[in-house]
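Structural overview
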Amino acid sequence: DTAVNVTKYPPGADVRATGVLSAVYDEDDSLHIVWVEPLYSSGDARSECYISHWSKATGIDQVADGTYNFDDTYLTNPARTYNLNDPFIGVHDGTADGTRKGYLYVVYNQYGPGTSDASVQKQANGEIYINASTNGGNTWGNPINLTNSPTPGCDTNNCDSDVIPSCAERVNDTIHILYLNDKSAGSVLDNKGGPSLNPFFYYKYPAYKP
């Protein structure tokens, strides 16, 4: 089969697509894709970004806006992460009374805005957000902070940095979410966090109308 370019960014566009994406077919067999869309300056990716959605029917629409000024190292070093990360999409299967059939839900990780919720190593603590669409992704509601777990000034083993979310592709009146609760914000691989035993949490959130 021939590959299809769904983004079709023009030369010199301010945004590009990353490889961080997920996709789902809805009940009408229409494909929906979400991805992180970072801004670029002089060819370099920036922390500022969007989460975007595409379907054949709607084209590209914005799920979440992460174009605020933020850096996980208090601007002392170049940013190493996007403000928004790891979008994952699910679709309501029309169970119960069927009123939410085809609703789309996207969960993702967000850092900032602001720099107060960070570890003593100056690494940001993440939160898990969700947003929803009632019309196949043509428009989206206001994002909701699901975890809301700030731990400013935390040290190794005491942080609540919520990252790497995913959700079940089928929503049956409950959105089934999994995410990592990083007890030491940052990554031990680049000396920005200590080693810690990090639990994965299962989170049940009711399917809702935005």
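This structure is a prediction, so every number in the text was calculated from the model and none was measured.

Criteria and cut-off values
- Residues numbered from 1 in each chain as written.
- Predicted model: local features only at pLDDT ≥ 70, side-chain atom pairs only at ≥ 80, totals over all residues.
- Heavy atoms only, no water.
- Helix = DSSP H or I, 4+ residues; strand = E, 2+ residues; numbered from the N terminus.
- Contact = heavy atoms within 4.5 Å.
- Polar contact = N/O pair within 3.5 Å; in protein donor to acceptor, adjacent residues only side chain to side chain.
- Disulfide = S-S within 2.5 Å.
- Buried < 20%, exposed > 50% of the residue type's maximum accessible area, 1.4 Å probe, protein only.
- Phe/Tyr/Trp six-rings, centres within 6.5 Å; stacked < 30°, edge-to-face > 60°.

The next subject is the environment of Tyr 202. You can see Tyr 202 is positioned in strand S12 (residues 200-206). Here the alpha-carbon distance between Tyr 202 and Leu 178, two residues 24 residues apart in the chain, equals 4.7 Å. Setting aside anything within four residues of it in sequence, one finds Tyr 202 in contact with His 176, Ile 177 and Leu 178. A distance of 2.7 Å separates the side chain of Tyr 202 from the side chain of His 176, its partner in a polar contact.

Turning our attention to the state of the cysteines. Applying the stated criterion to the full structure yields one disulfide. Paired by a disulfide, Cys 154 and Cys 159 hold their sulfur atoms 2.0 Å apart. What sets the handedness of the Cys 154 and Cys 159 disulfide is the S-S torsion sign, and at about 90° it is right-handed. For the residue pair Cys 154 and Cys 159, the accessibility class agrees, reading buried in each case. With no disulfide of its own, Cys 49 lies 18 Å from the sulfur of Cys 167, the closest cysteine sulfur. With a relative accessible area of 0%, Cys 49 lands in the buried category. Looking at Cys 167, the relative accessible area reads 7%, which means it is buried.

Overall, the coordinates contain five aromatic pairs when judged by the stated rule. Relative to Phe 201, the ring of Tyr 179 has its centre 5.8 Å away and its plane inclined at 75°; by these criteria the two rings are edge-to-face. Of this pair, Tyr 179 sits in strand S11 (residues 174-182) while Phe 201 sits in strand S12; the two residues are 22 residues apart in sequence, bridging distant segments of the chain. Taking relative accessible area as the criterion, Phe 201 reaches 35% and is therefore assigned partly exposed. Members of the aromatic cluster, each reached through a chain of ring pairs, are Tyr 105, Tyr 203, Tyr 205 and Tyr 208.

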